[in-house]
Amino acid sequence: AQTVTQSQPEMSVQEAETVTLSCTYDTSESDYYLFWYKQPPSRQMILVIRQEAYKQQNATENRFSVNFQKAAKSFSLKISDSQLGDAAMYFCLSSTGFQKLVFGTGTRLLVSP
Amino acid sequence: DVKVTQSSRYLVKRTGEKVFLECVQDMDHENMFWYRQDPGLGLRLIYFSYDVKMKEKGDIPEGYSVSREKKERFSLILESASTNQTSMYLCASSLRSWAGQALNTEAFFGQGTRLTVV
């Protein structure tokens, strides 16, 4: 079975600081993709960043970047220059065969001024 | 703008009622999903459809059924609602990858329906 583990139920960061959210996954498949989604209080899920497993280069999207360690099956999200609008629940996802999306349990990010 | 619309944001139903949750997407996506979101458990897949009239069971299909008669609409049905089905329900849609492959495109989500069964 595919599993995604987010071991940090909650994280706090101050504005302008950097925070890293952890995610580990377990899959026996060679073809998979990894995603981070953000769910603000509005409940609307928003794609933050995506990583193709066959690519060694870490994905970046503006202030968001990932540290993808394939051998360790680790996929952490780094948020630089944190903003109040970054406060949300963050979910790590793996996409495996037959388009199955497996979610982690989420990390709530609190951002203080 | 991609839009996935769920018919209700909040719903209160009585135990034993038949409940319909509707989801409509306007992007001509092949895939549609129903998830249940509970604190500490993340999102769990209830059912998945990759085409009209096609459906696949997810991880927690018990007590639920689905209907996909048209490409844009995917309905989740609680045949006889129970209190343990009180939860947040999220619908999603995406383009389809090749059969057997991982989904490599973004999934778009509705805003969720918070269902309370009393």
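What comes next is a walk through the structure. What you see is a predicted model, and the numbers here were worked out from it, not measured in a lab. (Residues numbered from 1 in each chain as written. Chains lettered and ligands numbered in written order. Predicted model: local features only at pLDDT ≥ 70, side-chain atom pairs only at ≥ 80, totals over all residues. Heavy atoms only, no water.)

Structural notes on the interface of chain A and chain B
Taken residue by residue, the interface counts 23 residues in chain A and 32 residues in chain B. Between chain A and chain B, roughly 2300 Å² of surface is buried when both sides are summed, and carbon and sulfur atoms account for 51% of that area. Considering only the surface of chain A that becomes buried against chain B, Arg43(A), Gln99(A) and Leu101(A) emerge as the three largest contributors, covering 35% of it. Counting across the interface, chain A meets chain B through 0 salt bridges. Taken together, the links from chain A to chain B amount to 6 residue pairs in polar contact (both at pLDDT 80 or more). Looking at the side of chain A that touches chain B, the elements with two or more residues in it are strand 5 (33–39), strand 6 (46–52), strand 10 (88–96) and strand 11 (100–103) of chain A. In terms of residue class, the side of chain A that touches chain B is built from 10 nonpolar, 9 polar and 4 charged. (Contact = heavy atoms within 4.5 Å. Buried area = accessible area lost by both parts, 1.4 Å probe. Salt bridge = Lys/Arg side-chain N within 4 Å of Asp/Glu carboxyl O. Polar contact = N/O pair within 3.5 Å; in protein donor to acceptor, adjacent residues only side chain to side chain. Helix = DSSP H or I, 4+ residues; strand = E, 2+ residues; numbered from the N terminus. Nonpolar A, V, L, I, M, F, W, Y, C, P; charged D, E, K, R; others polar.)

Points about the packing of aromatic side chains
Taken as a whole, this structure holds 14 aromatic pairs over all chains when the rule is applied. Each ring, one from Trp36(A) and one from Phe75(A), has its centre 6.2 Å from the other, and the planes form 25 degrees; the classification is stacked. Here Phe75(A) lies in strand 9 (residues 74–79) and Trp36(A) lies in strand 5, a separation of 39 residues in the sequence. One exposure class covers both Trp36(A) and Phe75(A), and it is buried. Relative to Tyr50(B), the ring of Phe48(B) has its centre 6.1 Å away and its plane inclined at 50 degrees; by these criteria the two rings are tilted. Phe48(B) sits in the buried class, given a relative accessible area of 8%. Residue Tyr50(B) is classed as partly exposed on the basis of its relative accessible area of 25%. Aromatic rings pair up to connect Phe35(A), Tyr37(A), Phe91(A), Phe103(A), Phe33(B), Tyr35(B), Phe48(B), Tyr50(B) and Phe109(B) into one cluster. (Phe/Tyr/Trp six-rings, centres within 6.5 Å; stacked < 30°, edge-to-face > 60°. Buried < 20%, exposed > 50% of the residue type's maximum accessible area, 1.4 Å probe, protein only.)

So, the sheet that holds strand 7 (residues 64–70) of chain B
Strand pairs in the sheet, formed through backbone hydrogen bonds, run parallel or antiparallel to each other. Residue and element names in this part refer to chain B. Pairing is antiparallel across the open sheet formed by 4 strands, whose spatial order is 1-3-8-7. The sheet terminates laterally at strand 1 (4–6) and strand 7, the two strands that pair on one side only. The sheet shows a mean angle of 20 degrees between the axes of neighbouring strands, direction not considered. In this structure, strand 7 lies alongside strand 8 (residues 73–78), joined through 5 bridges in antiparallel fashion. Paired with Lys-70 across the two strands is Arg-73, which belongs to strand 8. (Pairing = 2+ DSSP bridges. Axes fitted to C-alpha atoms, helices over the stretch in contact; angles between N-to-C directions.)

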